[in-house]
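# Per-entry structural report
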Amino acid sequence: LKRGECFAKMEIYSGAIDDYTRAISIAPKPDLYFDRGFFYMQLKKYPEAKADFDKSLELNVADEKLAKHNRGICSYFIGEKESACKDWLSAGEVSLDFLKKYCNQN
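Residues numbered from 1 in each chain as written. Predicted model: local features only at pLDDT ≥ 70, side-chain atom pairs only at ≥ 80, totals over all residues. Heavy atoms only, no water.

## A look at the state of the cysteines
Put simply, the test is: Any two cysteine sulfur atoms within 2.5 Å of one another count as a disulfide. Every helix listed is a DSSP run of H or I at least four residues long, and every strand listed is a run of E at least two residues long, numbered separately from the N terminus. The classification of residues rests on relative accessible area computed with a 1.4 Å probe and restricted to protein chains. Under 20% of the type maximum is buried, over 50% is exposed, and intermediate values are partly exposed.
For the structure on display, the rule yields one disulfide. Bridging Cys 85 to Cys 103, the disulfide has an S-S length of 1.9 Å. Handedness here is read from the sign of the S-S torsion; for Cys 85 and Cys 103, about -95 degrees, the answer is left-handed. Separated by 18 residues along the polypeptide, Cys 85 in helix H6 (residues 81-91) and Cys 103 in the segment after helix H7 (96-102) bring together distant segments of the chain. In this structure Cys 103 comes out as buried when scored by relative accessible area, which is 10%. Looking at Cys 74, it has no disulfide partner, and the nearest cysteine sulfur is the one in Cys 85, 14 Å off. Taking relative accessible area as the criterion, Cys 74 reaches 0% and is therefore assigned buried.

The structure is reproduced here in structure tokens:
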């Protein structure tokens, strides 16, 4: 996990993903899925990122709103605009700009 964090700080996201995958296999915690989802987003691997945000929410990640916000971004980029807007709406203020820009919300 510590090595994965170092890779992430150096923006070597593929290395971070590998190490977080190992950490998840040992202790599947919601924050590990959340972080790995973020790393996948940086590599524009949106389906993989969305799956990780789904899992983090299923496991009750601490920052539910940010997980929904990020999952909304992934949904948007894989062509699921309705799902994205639904996530952004439930994320509240975190996603206000996205709602206005992409979902015609005022």
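Moving on, there is more to tell.
## Details of the pattern of salt bridges
In a structure, side chains of opposite charge can pair up when their charged atoms sit close to one another. Rules: The term salt bridge refers to a pairing of a side-chain nitrogen on Lys or Arg with a carboxyl oxygen on Asp or Glu at a separation within 4 Å.
Going through the model one piece at a time under the given rule, you end up with nine salt bridges. As a salt-bridge pair, Glu 80 and Lys 50 come within 3.3 Å of each other at their nearest N and O atoms. Of the two residues, Glu 80 sits in the loop between helix H5 (64-77) and H6 while Lys 50 sits in helix H4 (residues 46-58), which places them 30 residues apart along the sequence. Judged by its relative accessible area of 17%, Lys 50 falls in the buried class. Several salt bridges share partner residues, and in doing so they unite Arg 3, Asp 19 and Arg 22 into one network.

## Things to note about unusual backbone geometry
Here the phi dihedral of Glu 11 falls at roughly 60 degrees; this positive angle occurs in a residue that is not glycine. Given a relative accessible area of 58%, Glu 11 falls into the exposed group. Positive phi outside glycine occurs at Asn 60, with the angle close to 65 degrees. Structurally, Asn 60 is set in the loop between H4 and H5. Classification of Asn 60 by relative accessible area gives exposed; the value is 65%.

## Details of H6
Which entries qualify depends on this criterion: Summarising the geometry, the arc corresponds to the directions from the helix axis toward the C-beta atoms. Residue contacts are defined here by distance: any two heavy atoms, one from each residue, within 4.5 Å place the two residues in contact.
Burial in H6 covers these residues: Ala 84, Cys 85, Asp 87, Trp 88 and Ala 91. When H6 is viewed along its axis, its buried side chains cluster within an angular range of 160 degrees and face the same direction. Residues of H6 that are exposed and point over 90 degrees away from its buried face: Glu 82, Lys 86 and Leu 89. Buried-residue contacts for H6 involve H5 and H7. Just downstream of H6, Gly 92 is the residue with a positive phi angle, here 70 degrees.

Keep in mind these values describe shape, not function.
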